[in-house]
Each structure stands twice: as structure tokens, then as C-alpha cells.
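This is what each chain is made of:
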Amino acid sequence: LRGEWVGRTIIGGILGYFSVLILPAIILYGYFVEVLRTTARGRDEAPEFDDWGEMIKDGVIGLVISIVYAIIPFGIVGIISTVFLGGGAALGGDGGGALAGLGFLTLLLLIPLVFVIYYIVPAAITAYATEDKISAAFSFSILKPILLNGSYFIAVLAPVLVAVVIWIATTVLAITVI
């Protein structure tokens, strides 16, 4: 709520509303990169929506970084589960059922993978934003101190915990009151 926050909130809200279209989503992602950049440099006021071309470029790069971090683990799990499920279907019988069951169990690996990706991607995008090099997003030496920092862990974990608490409270209220 510092600076000209009303205008930024309106612009961000409009972009968020139209983010089902690709370009507004990319601009919003670019703004997210700019927020990380300015915050990492010590500024506590949200940046302005002024350089739309830069936001589009940063949005595309941030999106590519996110996809690269997600596609490899999801691809591996997808291939393994497909092999098990396909093999189970081809084999048939009890052995095929067991093999297909392994395929479904392999899909459960997606749950911790989502959390790992959720943890790594903001640090990678921040590394890109501060270094202005895509390679920084994939540099283990740059990411390691961030990922092993307790403050970063708490900052990433806090929204998850808040969401779980709200979900539990909503469920309890839905069962008891409504």
C-alpha cells in the first residue's frame, strides 16, 4: 500500500481478469518478475506498469523457466506411469492389474513433485531477475544459498499453511453452520 498502489491494483486486476487470454497473463508474469527484481534490490514499493515491452519479455522468460523446471520431472513420471499402465493393460489378468496399480502409484509422485517445483521456481525466477541472465535461473551455485535459507523456506511455506488452515476452517463451517 505504498506509492500509487490504487492504479497498480486496478491495472493488475484487469490483467488478472483477462489472463485467460495469453498476452495479459504473460504481462502479469512479467510484472511478477519485476516485483521480484525490485524487492531483491531493496525497494519496498511495488514497481509501476510502465515498460510493457520489458514485462512481456520477462513474462515469456519467466514462463519458460517455469516450464523447464516442470516439464522434465512431469515428463519422467508421465513416461514411467504410462509404461506401467500400458504394460498392465497389455498383460491383463492379476499381473497386469498389479502393474497398472504401480502405474497409478507412480502418479502419486506428482504430489511431492508439485511442491518441489513450487519451492524452486520462485528462487529461479528471482535469480534470473537479479542477474538479468537466463542461465542464473539454472545455476546451482546461485540457487543453493536461496533454497537452503530458512527465511525463504518459511516465506514459501506460509501461503501453503494459510491455505490449509482456511480450507480446514471452511470445511468445519460448511459442516457445522451451513
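In what follows, the structure referred to is the one given above.
My aim in this report is to walk through the structure given alongside it, one point at a time. Because the structure is a prediction, the values reported are computed rather than measured. (Residues numbered from 1 in each chain as written. Predicted model: local features only at pLDDT ≥ 70, side-chain atom pairs only at ≥ 80, totals over all residues. Heavy atoms only, no water.)

### Some words on the overall build of the protein chain
Going by this rule: Numbering of helices and strands starts at the N terminus; helices are DSSP runs of H or I of at least 4 residues and strands are runs of E of at least 2. A radius of gyration in this sense is built from C-alpha atoms; the matching globule rule multiplies 2.2 Å by the number of residues raised to 0.38. Only protein chains enter the accessibility calculation, which uses a 1.4 Å probe. A residue is then buried if its area is under 20% of the maximum for its type, exposed if over 50%, and partly exposed in between. Contact criterion: two residues are considered in contact whenever any of their non-hydrogen atoms come within 4.5 Å of each other. Only the protein chains shown count as cover for residues, with accessible areas throughout obtained via the Shrake-Rupley method and a probe of 1.4 Å. Note on charges: Lys and Arg go in the positive column, Asp and Glu in the negative column, and His and the chain ends are not counted at all. Charge placement uses NZ in Lys and CZ in Arg. For Asp and Glu, CG and CD serve respectively.
The helix and strand tally for the protein chain stands at 7 helices and 0 strands. Ordered by position from the N terminus, the helices and strands of the protein chain form the series α-α-α-α-α-α-α. Scaling as 2.2 N^0.38, a compact globule of 178 residues should have a C-alpha radius of gyration of about 16 Å, whereas the protein chain reaches 21 Å, well beyond that. Each principal axis of the C-alpha distribution contributes one length, and for the protein chain these read about 65 × 50 × 35 Å. Classification of the 178 residues of the protein chain by burial places 27% in the buried group. Expressed as a percentage of contacts within the protein chain between residues at least 6 apart in sequence, the contacts between residues at least 24 apart total 67%. With an accessible surface of roughly 11,200 Å², the protein chain has 76% of that area assigned to carbon and sulfur atoms. Of note, the protein chain has its 8 positive side-chain charges centred 7 Å away from the centre of its 12 negative side-chain charges.

### With respect to the packing of aromatic side chains
Filter applied, for reference: Classification of ring pairs uses Phe, Tyr and Trp, with its six-membered ring standing for Trp, and accepts pairs whose centres are within 6.5 Å; under 30 degrees between planes counts as stacked, over 60 as edge-to-face, and the remaining range as tilted.
According to the stated counting rule, one finds 7 aromatic pairs in the structure shown. Arranged with centres 5.0 Å apart and planes meeting at 65°, the rings of Y119 and Y152 form a pair that is edge-to-face. Placement of Y119 in helix α5 (residues 110-131) and of Y152 in helix α7 (residues 150-176) is noted, with a sequence separation of 33 residues between them. Per residue, the accessibility class of Y119 equals that of Y152, and both read buried. Put simply, the rings of Y31, F49 and W52 pair up and form one aromatic cluster.

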